[in-house]
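Residue strings, one per chain:
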Amino acid sequence: VTAGGEGEIVSGMAIMLKGENSRAVAERVAARIVEIRKTLPAGVTIEPFYDRTALVKRAIATVETNLLEGAALVIFVLLLLLGNWRGALLVATIIPLSMLFAAILMRIFNVSGNLMSLGALDFGLIVDGAVVMVENVVRRRAEAQHEKSHEAPERTILEACIEVARPVVFAVAIIGIVYLPILSLRGIEGKMFVPMALTVIFALLGSLLLSLTYVPAMLALILRGEVSEKESFLIRWAKQVYRPSLAFVMKFRSQVLAAAVTAVLISAIAFPYLGGEFIPRLDEGDILIEAILLPSVSLNQSMKLTTEVEKSLLAFPEVRQIVSKCGAPEVANDSMSLNQCDVFVMLKPIEPIAIFKT
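All values reported here derive from a predicted model rather than from experimental measurement.

Here we look at the pairing of strand S3 (residues 319-326)
Working step 1: Both strand S1 (residues 2-3) and S3 contribute to a ladder of two bridges, which runs antiparallel. Residue pairing across strands places Thr 2 opposite Ser 324, the latter belonging to S3.
Working step 2: When S3 meets strand S4 (residues 340-347), the two strands line up antiparallel, connected through seven bridges. By the bridge assignment, Cys 326 is partnered in S4 with Cys 341.

Structural notes on the sheet that holds S3
What links the strands of a sheet is backbone hydrogen bonding, and the strands pair in either a parallel or an antiparallel sense.
Working step 1: With antiparallel pairing, four strands are arranged side by side in an open sheet as S1-S3-S4-S2. The open sheet is flanked by S1 and strand S2 (286-292), the only strands paired with a single partner.
Working step 2: Across the sheet, helix H13 (residues 299-313) touches S1, S2, S3 and S4, and the angle it forms with S3 is around 165°.

Remarks on the layout of surface pockets
Working step 1: The calculated volume of the second largest pocket comes to roughly 1,500 Å³.
Working step 2: At the level of elements, helix H1 (22-37), helix H2 (52-81), helix H4 (94-108), helix H5 (115-119) and helix H9 (187-212) are the ones that each hand at least two residues to the lining of the second largest pocket.
Working step 3: Element by element, the count of residues in the lining of the second largest pocket is highest for H2, at seven residues.
Working step 4: For the lining of the second largest pocket, the per-class residue count stands at 17 nonpolar, seven polar and seven charged.

Description of the confidence of the model for the protein chain
Working step 1: Averaged over all residues, the pLDDT of the protein chain is 84; the fraction at 70 or higher stands at 92%.
Working step 2: Between the elements of the protein chain, mean pLDDT differs from a low of 76, seen in H5, to a high of 92, seen in S1.

Considering the state of the cysteines
Working step 1: For the structure shown, the criterion picks out one disulfide.
Working step 2: Note on cysteine connectivity: Cys 326 is disulfide-linked to Cys 341, with sulfurs 2.1 Å apart. Here the disulfide of Cys 326 and Cys 341 is right-handed, its torsion about the S-S bond being about 105°. In this pair, Cys 326 sits in strand S3 while Cys 341 sits in strand S4, placing the two residues 15 residues apart along the sequence.

Quick look at unusual backbone geometry
Working step 1: Non-glycine residue Asn 110 carries a positive phi angle of around 60°.
Working step 2: In this structure, Asn 110 sits in the loop between H4 and H5.
Working step 3: Take Asn 110: its relative accessible area is 70%, and that puts it in the exposed class.

Remarks on the pattern of salt bridges
Side chains that differ in sign of charge can pair as their charged atoms come close.
Working step 1: Taken as a whole, this structure holds eight salt bridges when the rule is applied.
Working step 2: Arg 139 is paired through a salt bridge with Glu 143; the nearest N and O atoms lie 3.1 Å apart. Residue Arg 139 and its partner Glu 143 are both found in helix H7 (residues 128-146); the two are separated by four residues, about one turn of the helix.
Working step 3: On the basis of relative accessible area, Glu 143 is assigned to the partly exposed category, the value being 32%.
Working step 4: The partner of Arg 139 in a salt bridge is Glu 163, and the shortest N-O contact between them spans 3.8 Å. Note that Arg 139 is positioned in helix H7 and Glu 163 in helix H8 (residues 153-179), a separation of 24 residues in sequence.
Working step 5: Given the relative accessible area of 43%, Glu 163 is considered partly exposed.
Working step 6: Look at the salt bridges and you will find they share partners, linking Arg 139, Arg 140, Glu 143, Arg 155, Glu 159 and Glu 163 into a network.

So, the nonpolar core
The nonpolar side chains of soluble globular proteins are, as a tendency, buried together.
Working step 1: Core analysis: the biggest nonpolar cluster contains 46 residues, and Val 91, Phe 123, Val 134, Val 137, Ile 157, Val 215 and Leu 219 have the highest contact counts within it.
Working step 2: Mapped onto this core, the elements with two or more residues apiece are H2, helix H3 (85-92), H4, helix H6 (123-126), H7, H8, H9 and helix H10 (214-222).
Working step 3: What Val 134 contacts, discounting residues up to four positions off in sequence, is Gly 87, Leu 90, Val 91, Val 215 and Leu 219.

Thresholds, definitions, all that
Residue positions within a chain follow its written sequence, with the count starting from 1. This being a predicted model, a pLDDT of at least 70 is required before a residue's local features are given, and a value of 80 or more before pairs of side-chain atoms are given or counted; all residues contribute to the totals for chains, interfaces and linings. In computing side-chain properties, one takes all heavy atoms of the structure into account and sets aside hydrogens as well as water. Pairing between strands requires that DSSP locate at least two bridges from one strand to the other. Secondary structure elements are defined from DSSP: runs of H or I of at least 4 residues count as helices, runs of E of at least 2 residues count as strands, and each element is numbered from the N terminus. Here a residue-residue contact requires only that any non-hydrogen atoms of the pair lie within 4.5 Å. Axis lines are fitted through C-alpha atoms, for helices just across the contact stretch, and the angle between N-to-C directions can take any value from 0 to 180 degrees. Of the grid points, spaced at 1 Å and generated over the protein atoms alone, those admitting a 1.4 Å probe that cannot get out make up cavities, while open sets with protein on both sides within 12 Å along at least five of seven lines make up pockets; any residue with an atom within 4 Å of a point is treated as lining. Grid points are joined across faces, edges and corners, and a volume is the space filled by probe spheres set on the points. Residue polarity follows a fixed list, in which Ala, Val, Leu, Ile, Met, Phe, Trp, Tyr, Cys and Pro are nonpolar, Asp, Glu, Lys and Arg are charged, and the others, Gly among them, are polar. Predictor confidence is given residue by residue as pLDDT, running from a minimum of 0 to a maximum of 100. The disulfide definition used here is simple: a pair of cysteine sulfur atoms within 2.5 Å. Only protein chains enter the accessibility calculation, which uses a 1.4 Å probe. A residue is then buried if its area is under 20% of the maximum for its type, exposed if over 50%, and partly exposed in between. For this document, the term salt bridge refers to a Lys or Arg side-chain nitrogen within 4 Å of an Asp or Glu carboxyl oxygen. Buried residues of nine kinds, namely Ala, Val, Leu, Ile, Met, Phe, Trp, Tyr and Cys, make up a nonpolar core once their side-chain atoms join them within 4.5 Å.

Okay, structure coming up:
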């Protein structure tokens, strides 16, 4: 093992037990290193060059950003399109409550929360049932007030919710059924995608239960006063665009159908030539270079070559630290010969580009 273009060092690796939490293990290892440093002789130091905690924190930050941005976008669209701010805010509360319900079931069934499982949540799907409930209740309450009905608001709300309860159950069930085949995956695919499917199913189940219980109860509280049903300007504009488009399609049905079938056939022809990539990309922030030398290379020559590689790479200002590992130790956790070297290139944090400089 060589480092920093300065020659050989001694390297150690902490092996994590199967099923352990990598973040917790890394934190315990860091705490032990602090204790060990106190007992080292003069001139000897321990400097971690690869800590998985940084990767875990980066993944968690990505998940947090995606969830917050997704929730904010859905809430903004709800306020923009529903036309009733009280109903929109009520629907928005389904998002954190469904997440809480999913987190509880994930804990019970030991489903890991990671970039795949949490990053795949679609808040638009989660609030569908609540949106239908709120829309129908607002419509029925507005009609009752327009007709000056003497029916109790609670009764109107109950009947409106019962009216759409069955369609809501079927709609959410159909979405959940789509994820059931994923649960049959095994091997690497199963480890990656089964937690994602379970998390989405848990969240959908939570949203369905909330739509059938929590939403009607809250509507009975927040829609007691005057209720007006009005379309937002976006809905009115969309109808102005949609109606002439629908009339055109209905007038030229054969031509539109032929164009759609042609598009499907063209996509079917191109389908075999398309690649498939389902694994999300994660920019870890570091680079691992594998150097393959001649099979006859000696250990000393390997060290000299990796040192030269380190000096060359350190010329780049983005590089923070470099460690090269050639071959394998006596207790080999990775079977590598002397002509195979892993070059760990640790990069500096990415800084935002300043557009305006003072």
